Each structure stands twice: as C-alpha cells, then as structure tokens.
Amino acid sequence: MLRRNTDNSPYSVRTNFNLRLAALCIAAMGLLGLFALRASSQTVAPTTAPVSRTTKAINYGRKGTTLKILFHGTDLMQQASGEAKVENKGNRVEIDAKFEGFEEATKFGLEYLTYVLWAVSPQGRAVNLGEVQIKNGQAQVKAISDLQNFGMIVTAEPYFAVTQPGDTVVSENSLDAVTGGETIEARYELLARGVYSSSNTKIENAIFGIDRKTPVELFEARNAVRIARNAGAEKYAGPSLTKAVQQLASAEDLYRQKRDKKSVTAAARDSVQTAEEARVIAVKQKAEEVAQAKAAADKAAAEAREAKAHQDATDEMKRRTDAEQARQAAETAKAEAERLRAEAEKSAADAAKAREEAETARAAALADQQAALEQKRLAQAEAEKASADAARAKEDADKARAAAAKAESEKGELRAQLLGQLNAVLQTQDSARGLIVNMSDVLFDTGSYTLKPATREKLAKISGIVLAHPGLILQIEGHTDSVGSDDFNQRLSQQRAGSVLDFLAEQGVPASSMSSHGYGKTQPVGSNDTADGRQKNRRVELVVNGEAIGGAAASASSSR
C-alpha cells in the first residue's frame, strides 16, 4: 500500500481514504476499460479497452538501502527527466523525486490538467503516489510506501486523485544509474486515451469557463465533476456526486469572493476527491450491474439450452418412431412393387413384340415416303438454282449501274468541292472546258511576266489544292489587251503563262500534268475600247480538268 507523505490535514486524510478505496476497488479495475466509459441512461461516455505496458520494477527489500533512480522521458515528452532517492527504512520505503523539462499537461488535450506519480507492483497494480505539480517545467514529490518491489511512472491526468493511470505516460524510471537492487519486469494496464473526454459537453466550457486565471486546482475540480457525470455517477452514486457538486460550488464561491488561495485550493481538492469517490462507486456498481445482467443472460441461455435439449430428445424419439413406421411401410411397398414389376415385365415383353412388328411396317412405309420426297427435293433444287442465277445476274447489273451513278455523283461532288476551294483563292468558274481560274494582270507588274509576291502566295495555295487531288490536268493560258504590237502581246502572254507553270512546278505539281500557251490579244473577254474591258483582257487563265472531276483527261504538253 502506498500513501502520500503529507500532514494530517483534511486534504491528506481524504487522499488516504481515496487510495484505500482504490485498493478495495482494484478487482473491478479489469472491467473499467470495458465499462467505466460506457454511456449511462442519462450521460453517454465512450467505451475503450485498457492498454497494456511494461516497465522495470526494482527490489528495495534490503533495510537501510538507498538507491538513486533516474527518470527519462517517453516518446510523448522526450525532454522530460528526473531523479528520485529511494530509501528503505525497514517498515516503509521513502521516496523523494524531482522532475524537470515538463510541459503543460493540456498539450495532450484540454481534459489533462496535471501529472501524477505512480508506483507499479510486479503484479501490475498501480497506486497513486501523489500529484506532480509543474512550475516552470519543474516539480518535486515526496511519498512513503510499504511496498518493497515497484517501478515508477508519471502520467498526464485530469486531476490529482485518479485511481488508475491513463496511457499518457510521459516519464518512467530508468535502470541506467541504479547501483543496487534487483530489477523485475512489471506489466500493468492503462486507461486508453479518450476515456476522460466529454461525451455531451464541450470540455473547454466545462473546465475553463471564461476566466483563464482560475487556480489549476479549481480547474481539476470542475474536470473531476464532469468526468464523474460521464461515468454515470448521477445514476449510481447520486449522493456522492451531489456532495462533490456542492463542494465545487463552495470553492467557486470562495474564488469569486477572492478568498486566499489556500482556502480555494483546499475546497477544490475536497471536491476532486469526492468526485473521484463517486466515479469509482459508479464504475463498481455499473460493473456489478453488467455482471448481474450477464449472469441473468447466462442463466436464461442455460435454461434455453436445457429446454432445447429436452425438445431435441423428444424430437429424436418421434423421429425414430416415424422412421420405424416408414421402414415397415417401405417393406410392404417393396413386396407389392416386386409383384407389380413381374406383371409389368410380362406386359412389356408382349408390347415389345407388337412394337417390333409395327416398327417393321413403319420402316417400309417411311422408305417409300423418303424416296418420293427426295425426287421432289431435287426438282425444287433445280428450279431454285435457276431462279437464284437469274437473281444474281439482275443484282450484278443493278450494282454496276449503282456504281456508275455513284462514281458520277462523286465526280460532281469533287468538282464542286474543288471549285469552292479554288474560288476561295482566285476567281474560278465552271465551264464545259473545265474549272477556269482567272488571274488578272494586277498579279503582274505592268508589261512584265514576273510574279508579284501576292501572286506567288495565291499560286502556292492553288498548288496545295491541286496536289491534294491527284489526276488533275492543268492548262495555263496567257491573254493580253490590244495595246502594243501583235508580236509583243503574243510573247508577253506566253511568258506570263510560262511563269505560272514554272512556279507551280517548283511547288511540286508534276510537269507532265501541265501545259502553257499564249494567245496574245486573240481571245478578249471584254471591249478593248474601254479601260475596264482592257483590264479584263489582260489575264492568265488556269483551266483545271481531269477524269476525277468529270472532264476528259487529255495528255498535257509544255509549250512556251
């Protein structure tokens, strides 16, 4: 049994009473992880299973032995450290522990407000040694224990009077500097994180309120009352919870009246201990209630099993009686069946003979019928073959006509498509001679056959269109107005037509598909008596033809 090394103040007496009560309730702690946080009919709290952990327990059994024990931080608070002087006085073990590097407990959740030092026996029983009150990251705890073998851990807790450690283990004893004593592996159980969280109230409002300057002891009292309610104390430990609430109200009044801190702290600690007593009672009674419910369920299940066994035995006896009656009936039916079978076999033999005779007659008639059907089938086959040949001939003729019509249609569509493409570049018209692309003299310098840049650009587009439609024949024709001598006009028209042919050949248009010719002033399209008419006559025409667009594909030759 471990107890805190304090004076005989009401706080100390209540702490010792609380620890004794915890020892009496230790048997129920195994059920705590399963049932302590289950919702009561009034308040719902989470249910979590206990968490197992091991630490090193040290044997301090030799009287007069003093050991120096170091503490190291866990993964939750690696910077934490400490040391304890543990001295065996014969009938007790005195502990003086100091810690440093601790952070505020609320870092693990608003429900955590302080730290507690625990002694863990080799059998796995954890006993509260006292609160580790942190100030500027440091703390000191003195305690007395009548145990001889134990390990020590420090956990973050919601208040100082808890009776089972939670799994927020921030520090534990180390064997690095132990100069004597026997070490033992101690496995113990922790309450899983979350068992102290609020089920239907925001923790911040329930604990902190609006005044953050409140002493931490008052925060712990508020937290303890909240947790007791979550554990079902209103249902299972109403008087104790009511007392705890009254004590908390008294502490709140003292704080509001700005009484001295010692009075506020003492009243708050009384409320914490009473609330913890209420919580432990609720946990124990709830566990007993669950155990009773389980016993009743087990009894009902046993009675149900017994009733079922009795019914199964009755059913089995009836099944055997029915089976015997069925067997006797089956034997009678079997004898009758044998008699009927013999009669049936005789009838079957007679029927087989009659059937054989009928089968012979039917086979002869069937052979005659099949011969007649075969002759009819051959005649029909000849007639169907002649009809099919005639139908195929007609179908072939229809296909040929359709193919010709389709080809003509495709040529027309391609001709219209090509006309639209050429027209988008230069003025183009459809004629009996083919598609005539007109290039006026504005595409050449006056009196020259050199292509202007704009002319070359348009001809490049024309060449791309022509190359996209293989099989086209191009005839390039140059024309002039009547101004100037006949020889000059004839030569200029031929040179302009040749310039266009050469450029198109450079663009990849096959020379074999092109021809050029100059007609001078011999084929005017307007009156040479007007400026507008003469401008129309000064032109180069590109006649596009070919079988692909429905024109006669003539052989092209180049003449310049």
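What comes next is a walk through the structure. Keep in mind that this is a model prediction, so the values were computed, not measured.

A look at the pattern of salt bridges
- Tallied over the entire structure, the rule returns 37 salt bridges.
- Notably, a salt bridge pairs Glu541 with Arg539, separated by 2.9 Å at the nearest N-O pair. For the pair shown, Glu541 and Arg539 are each scored as buried.
- Through salt bridges with shared partners, a single network forms among Glu316, Arg319 and Arg320.

As for the sheet that holds strand E16 (residues 539–545)
- Spatially, E12-E13-E16-E14-E15 is the arrangement adopted by the five strands of the open sheet, whose pairing is mixed. In this open sheet, the two edge strands, each paired with only one partner strand, are strand E12 (428–431) and strand E15 (514–518). The mean inter-strand angle of the sheet, taken between neighbouring strand axes irrespective of direction, is 20°.
- Inspection of the sheet shows strand E14 (residues 473–479) paired to E15 by five bridges, in the parallel sense. Along E15, the bridge assignment pairs Leu474 with Met514.
- Lying over the sheet, helix H7 (residues 261–423) contacts E12, strand E13 (434–440) and E16, oriented at roughly 150° with respect to E12.

Some remarks on unusual backbone geometry
- Of note in this structure, Asn136 is not a glycine but carries a positive phi near 55°.
- Considering the arrangement of structural elements, one finds Asn136 in the loop between strand E7 (126–132) and strand E8 (139–145).
- On the accessibility criterion, Asn136 (75% relative accessible area) is exposed.
- The phi torsion at Lys258 lies on the positive side, around 60°, for a residue other than glycine.
- Tracing the chain through its elements places Lys258 in the loop between helix H6 (238–256) and H7.

Quick notes on helix H4 (residues 216–230)
- Along its 15 residues, H4 runs 21 Å from first to last C-alpha, staying within 8% of the 21 Å computed at 1.5 Å per residue.
- The element H4 is largely enclosed, with a buried count of 13 among its 15 residues.
- Note on H4: the residue one or two positions beyond its end, Gly232, has a positive phi of about 95°.

Comments concerning the layout of surface pockets
- Empty space within the largest pocket amounts to approximately 380 Å³.
- Lining the largest pocket are 17 residues, with Glu104, Leu113, Gln133, Ile134 and Val216 sitting closest to its centre.
- Looking at the lining of the largest pocket, the elements with two or more residues in it are strand E6 (114–120), E7 and H4.
- Split by residue class, the lining of the largest pocket holds eight nonpolar, three polar and six charged.

Regarding the packing of H4 against H6
- At a minimum axis distance of 10 Å, the contact between H4 and H6 shows a crossing angle of 155°. By the angle class used here, H4 and H6 are roughly antiparallel. For the crossing formed where H4 meets H6, the hand is left-handed. Residues Leu218, Ala221, Arg222, Val225, Ala228 and Arg229 of H4 pack against Leu241, Ala244, Val245, Leu248, Ala251, Glu252 and Tyr255 of H6.

Focus on the side chain of Glu217
- Within the fold, Glu217 resides in helix H4.
- Salt bridges are absent for the buried Glu217, whose nearest opposite-charge side chain, Arg269, sits at 4.5 Å.
- What Glu217 contacts, discounting residues up to four positions off in sequence, is Gln133, Lys261, Thr265, Ala268, Arg269 and Val272.

So, the pairing of E16
- Counted residue by residue, E16 has seven buried out of seven residues, so it is predominantly covered.
- Burial along E16 is two-sided: Arg539, Glu541, Val543 and Asn545 and Val540, Leu542 and Val544, pointing in opposite directions, are all buried.
- Here E13 pairs with E16 via six bridges, running antiparallel. Within the sheet, the bridge partner assigned to Leu435 lies in E16 and is Val544.
- Sheet analysis places E14 next to E16, joined by seven bridges and oriented antiparallel. Counterpart to Gln475 in the pairing with E16 is Val543.

A look at the packing of aromatic side chains
- Evaluation of the coordinates by the stated rule reveals four aromatic pairs.
- Seen from their ring centres, Phe71 and Phe99 are 5.0 Å apart, and the 70° between their planes marks the pair as edge-to-face. Placement of Phe71 in strand E3 (residues 66–73) and of Phe99 in strand E5 (residues 93–100) is noted, with a sequence separation of 28 residues between them.
- Between Phe102 and Tyr115, the aromatic rings sit 5.2 Å apart at their centres with planes inclined by 85°, giving edge-to-face as the arrangement. With a gap of 13 residues between them, Phe102 in the loop between E5 and E6 and Tyr115 in strand E6 connect regions that are remote in the sequence.
- Taking relative accessible area as the criterion, Phe102 reaches 6% and is therefore assigned buried.
- The buried category is assigned to Tyr115, whose relative accessible area is 2%.
- Just above the ring of Phe160 sits the side chain of Arg269; from NZ or CZ to the centre is 4.3 Å.

Considerations on the environment of Ser240
- Position of Ser240 among the secondary structure elements: in helix H6.
- When the C-alpha atoms of Ser240 and Arg279 are compared, they prove to be 8.9 Å apart, with 39 residues separating the residues in sequence.
- The contacts of Ser240, once residues within four sequence positions are left out, are Thr274, Ala278 and Ile281.

A closer look at the environment of Arg187
- Looking at the element boundaries, Arg187 is found in strand E11 (residues 182–190).
- What makes Arg187 exposed here is its relative accessible area of 53%.
- For the pair formed by Arg187 and Thr54, sequence separation is 133 residues and the distance between their alpha carbons is 4.2 Å.
- Look past the residues within four positions of Arg187 in its chain and what remains in contact with it is Ser52, Arg53, Thr54, Gln123 and Gly124.

Thresholds, definitions, all that
- For every chain, the first residue of the written sequence is number 1, and numbering continues from 1 along that sequence.
- Local features in this predicted model are restricted to residues of pLDDT 70 or higher, and side-chain atom pairs are both shown and tallied only at a pLDDT of 80 or more, whereas totals for entire chains, interfaces and linings draw on every residue.
- As a rule here, side-chain values cover all heavy atoms of the structure and leave hydrogens and water aside.
- We count a salt bridge whenever a side-chain nitrogen from Lys or Arg sits within 4 Å of a carboxyl oxygen from Asp or Glu.
- Remark: exposure states derive from per-residue accessible area (1.4 Å probe, protein chains only) relative to the maximum for the residue type, with buried under 20%, exposed over 50%, and partly exposed in between.
- Note: two strands are recorded as paired if DSSP finds a minimum of 2 bridges between them.
- For helices the rule is a DSSP run of H or I covering at least 4 residues; for strands it is a run of E covering at least 2, with both sets numbered from the N terminus onward.
- Only the stretch in contact is used when fitting a helix axis, every axis being a line fitted to C-alpha atoms; angles between N-to-C directions are given from 0 to 180 degrees.
- Any pair of residues with heavy atoms lying within 4.5 Å of one another is described as a contacting pair.
- A helix is expected to span 1.5 Å multiplied by its residue count minus one.
- A cavity, in this analysis, means grid points on a 1 Å lattice covering only the protein atoms where a 1.4 Å probe fits yet has no way out; a pocket is instead an open set bounded by protein on both sides within 12 Å along at least five of seven lines, and a residue lines either one if it has an atom within 4 Å of a point.
- Grid points are joined across faces, edges and corners, and a volume is the space filled by probe spheres set on the points.
- Nonpolar residues are Ala, Val, Leu, Ile, Met, Phe, Trp, Tyr, Cys and Pro. Charged residues are Asp, Glu, Lys and Arg, and all others, Gly as well, are polar.
- By definition in this entry, angles of less than 35 degrees are roughly parallel, angles greater than 145 are roughly antiparallel, angles of 65 to 115 are roughly perpendicular, and the rest are oblique.
- Handedness of a crossing is defined here by the sense of rotation of the near helix relative to the far one, left-handed for an anticlockwise turn of less than a right angle and right-handed for a clockwise turn.
- We count Lys and Arg on the positive side and Asp and Glu on the negative side, and we leave His and both chain ends out.
- In this analysis, rings of Phe, Tyr and Trp, with Trp reduced to its six-membered ring, are considered paired at centre separations within 6.5 Å, and the interplanar angle assigns stacked below 30 degrees, edge-to-face beyond 60, and tilted for intermediate values.
- Consider the ring centre and the ring normal. A charge sits over the ring if Lys NZ or Arg CZ is within 6 Å of that centre and within 35 degrees of that normal.

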